[in-house]
Each structure stands twice: as structure tokens, then as C-alpha cells.
Amino acid sequence: SSGINAEYGMGTSYESSSAVLILPENSSKSEGQILKLKHPKNNQTCLAYLNKESKALNELLYLKEKFVSWFVGDHVLGDTQLGIGTPLDPLFLIIPYLIQNIDKYSPLAQILVDDKYPSAILLEDLVSESNLSLVADIKPSLDKIIKFNKEKTLNWLSGKVGKVASTMKNRGISPGFNSSLSEEEYTKYACGIVSDYISSSLSVDLQDRVGVQLCINEEDEKPAKRLKLSSAKDHDACKPAKNSVPKGKEKAPKLTKAQKQLASVNTKGMKSMSSFFKKVEPK
């Protein structure tokens, strides 16, 4: 987007009664609403901001601080969280519902029925048939009758990986302090970012499709936890280091000069400190 705008909303987070939202410019010029949706990575609750006019959907991530105040216009707001909105393709949220209904054609409105997340039905209006055809087979109808297509989905996800990798390279973005990444390393990191919005099983298929392998954290089912990059050869990052010390055989720590002197003192015949303290029996 060409810029960002800050908005102030009520009841927009779980832990405070108000929040300051920083949103892309195209999402903050008209009325919007906060949606509770199912995260496509782990099926847990996530928050999104939907602009009712532009139909732009933004994932909301909150900065959680115990003592925070914000200046908004002429007011100082306490107990107010900061929410940052980033554009989110609604297809990522729709794919898990398609997979649940993988064996048959059904109207999208029926597929998106979710008692726990009733806002999921709103996703239908955010995608066109041409968008849906990128991840599903569609029968000609006014009701968007569709069925999940894995091959199309992997092609679409591969394209997302390519775009993320290209954007990172062109803008000089690199993880950590490594400023010179190979094409493979850019692809790996981009695949890790895209994998934050798909299931682990689909991520494995995506890795095979783009020709990389990610070393996955033990907590890989948590959103926003980036997948660690394995090394370029033989994925050494997934293996124990050769010079690692076996458990139970750790090297003894080095002693200071004072500790060495204390250890050399002959304590033969000396009483221990505990012998000077005797338990007093109650009378």
C-alpha cells in the first residue's frame, strides 16, 4: 500500500477494552469490523480486520505490553493495545474448509459453515470464481459449487513462494545478519513464511514442489513461528553437531584462582559448619 493509517477501536482485542490499529491505507478509509476466524496453520483463533467497502482482509497481530498509553488526537489512552494489520489472502483461510470437504462438490457457502467461527461465511464474498479456480475445481453455477484440487493449490502456493522470495531479494531483505543469500536460501525462507499459513502436511508437499526441505521447530503448529532453514547440503541443521558433548559427559567448568586456593586447603580434623548448629529440643 502507499501508506499506513492509525485507527482507534473499541472491543478489538481479548485483553483490553480498546486498541489502536495500524492498517494499510486502503483498509482504513471506511468502516470495518474485527473477525474471529480459524487460523489455517493450527485451527486456533486468529483475528482479522475486514474493510466493508474495499473487501480488504488484514490479519491482526497485537503488541502485548502491561503498561501502555497512546496519544490519539487530543487524547491519552491507557490500557490500550497496539494492533498491526497485514494483508491476508482469504484463500489461505478457505483452503482448510475445502480439504475438510475434499471428496465432493459443494456450494462454498455450505463449506464455510462453522459453528465455532460463524464469521467464516463472510469469506465467500471476498473471493471470485477466478480466485477459487486457483485452488479448486468449479462447476458452472451461481452458487460457487467447488471441490478442492491439490495440484492447483500446490501450483498456487509455489507461486506465492516465488513472489515472496523475489520480493525479499529485490528489497535486500534477509533473515538474521546474513546479507548474502543464495537463491535456494531465499526460496527456503519464503517457503517457511508461506508455510505459516498452511497445515504441516500441505507444507511438506509444498517443500517437495519447490525443491527445498525445512527443519521444523517442535512448536511448528504455532502461527508466527518461522520454520528454521536447514543448510544447503544434507540439511545439517536438522542433525546434532559432531562436536556436541554427550549427555552426562559435560566438561567441568574452569575454577577461579580463589576457588582453586580454597580447594587446596587441608580440612582433615576440621568440624563441618553444620556441627555448630544443633537442633533445640522443646522442653
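The rules behind the values
Here the residue numbering is sequential within each chain, running from 1 through the sequence in written order. Per-residue local features are limited, in this predicted model, to residues with pLDDT of at least 70; the limit for side-chain atom pairs, both in listing and counting, is 80 or more; totals at the level of whole chains, interfaces and linings are taken over all residues. Based on all heavy atoms of the structure, the side-chain values leave hydrogens and waters out of the count. Per the convention used, a helix needs a DSSP run of H or I reaching at least four residues, while a strand needs a run of E reaching at least two, with both numbered from the N terminus. Note on exposure labels: buried denotes an accessible area under 20% of the residue type's maximum, exposed denotes more than 50%, and partly exposed covers the range between, all computed with a 1.4 Å probe on protein chains only. Contact criterion: two residues are considered in contact whenever any of their non-hydrogen atoms come within 4.5 Å of each other. Only the protein chains shown count as covering a residue, and every accessible area follows the Shrake-Rupley method with a 1.4 Å probe. A pair is scored as a salt bridge if a Lys or Arg side-chain nitrogen falls within 4 Å of a carboxyl oxygen belonging to Asp or Glu. Think of a nonpolar core as a cluster: buried Ala, Val, Leu, Ile, Met, Phe, Trp, Tyr and Cys residues, connected wherever their side-chain atoms sit within 4.5 Å. In this analysis the probe radius is 1.4 Å and the grid spacing 1 Å, with only protein atoms considered; a cavity is a set of points the probe fits into but cannot get out of, a pocket is an open set with protein on both sides within 12 Å along at least five of seven lines, and lining residues have an atom within 4 Å of a point. Grid points are joined across faces, edges and corners, and a volume is the space filled by probe spheres set on the points. Note that Gly is not counted as nonpolar here; it falls among the polar residues with everything else outside the nonpolar set of Ala, Val, Leu, Ile, Met, Phe, Trp, Tyr, Cys and Pro and the charged set of Asp, Glu, Lys and Arg. Identification of polar contacts relies on pairs of N or O atoms within 3.5 Å, with a donor-acceptor requirement for protein atoms, meaning one able to donate a hydrogen and the other able to accept it, and with residues adjacent in sequence counted only if both atoms are side-chain atoms. In this analysis, strands are considered paired if DSSP registers two or more bridges between them. As a per-residue quantity, pLDDT reports the predictor's confidence and falls between 0 and 100.

Caption draft 1: Focus on the overall build of the protein. Tallying secondary structure elements over the protein gives 7 helices and 13 strands in all. A buried classification covers 35% of the 283 residues belonging to the protein. In the protein, of all internal contacts separated by at least 6 residues, the share reaching a separation of at least 24 is 51%. For the protein, the accessible area works out to roughly 18400 Å², and carbon and sulfur atoms hold 54% of it.

Caption draft 2: Seen up close, the pattern of salt bridges. Throughout the structure, instances matching the rule amount to 7 salt bridges. Its salt-bridge partner being Lys 152, residue Asp 137 comes within 3.2 Å of it at the nearest N-O pair. In this pair, Asp 137 is assigned in strand 10 (residues 136-139) and Lys 152 in helix 4 (residues 150-170), connecting sequence segments 15 residues apart. Measuring nitrogen to oxygen at the nearest pair gives 2.1 Å for the salt bridge that ties Lys 169 to Glu 183. Of this pair, Lys 169 sits in helix 4 while Glu 183 is found in helix 5 (residues 183-195), placing the two residues 14 residues apart along the sequence.

Caption draft 3: How the structure looks around the nonpolar core. Leu 57, Phe 92, Leu 98, Leu 123, Leu 157 and Leu 206 are the most contacted members of the largest nonpolar core, which has 44 residues in total. Among the elements that take part in this core, helix 1 (residues 90-100) stands out by supplying 7 residues, more than any other. When near neighbours in sequence (up to four residues on either side) are disregarded, Leu 123 contacts Leu 37, Leu 57, Pro 90, Leu 93, Ile 94 and Leu 112. Within the second largest apolar cluster, 7 residues are counted, among which are Ala 19, Leu 21, Leu 23 and Leu 60.

Caption draft 4: Structural context of the layout of surface pockets. Of the volumes computed, that of the largest pocket is approximately 650 Å³. Together, 17 residues line the largest pocket, and Thr 86, Pro 87, Val 164, Ile 193 and Tyr 197 are the ones closest to its centre. It is helix 4 that provides the largest number of residues to the lining of the largest pocket, a total of 5 residues. Its residues assigned to classes, the lining of the largest pocket comprises 9 nonpolar, 2 polar and 6 charged.

Caption draft 5: Representation of the side chain of Ser 195 in the model. Looking at where Ser 195 falls in the secondary structure, it is placed in helix 5. For Ser 195, the side chain forms a polar contact with the main-chain oxygen of Cys 191, separated by 2.8 Å. Of note is the side chain of Ser 195, whose polar atom sits 2.8 Å from the side chain of Ser 203.

Caption draft 6: The arrangement of the sheet that holds strand 11 (residues 145-148) in detail. The strand order 9-11-10 describes an open sheet built from 3 strands, whose pairing is antiparallel. Two strands lie at the open edges of the sheet, namely strand 9 (106-107) and strand 10, each paired on one side alone. Pairing between strand 9 and strand 11: 2 bridges, direction antiparallel. Note that in strand 11 the partner of Pro 107 across the bridge is Ile 145.

Caption draft 7: Region of interest: the pairing of strand 7 (residues 75-78). Relative to strand 7, strand 6 (residues 69-72) runs antiparallel, the two being bridged by 4 bridges. Paired with Trp 70 across the bridge in strand 7 is Leu 77. Taking the residues between adjacent antiparallel strands as the criterion, strand 6 and strand 7 are bridged by 2 residues, where Gly 73 takes a positive phi near 65°.

Caption draft 8: Looking closely at the confidence of the model for the protein. In this model, the protein carries a mean pLDDT of 77, and residues with pLDDT of at least 70 account for 67%. Mean pLDDT in the protein bottoms out at strand 13 (residues 228-229), which sits at 38, and peaks at helix 1, which reaches 97. Confidence over residues 1-16 falls short of pLDDT 50; this stretch has 51 contacts with residues more than four positions distant or in other chains. In the model, residues 218-246 has pLDDT below 50 throughout and makes 46 contacts with residues more than four positions away in sequence or in other chains.

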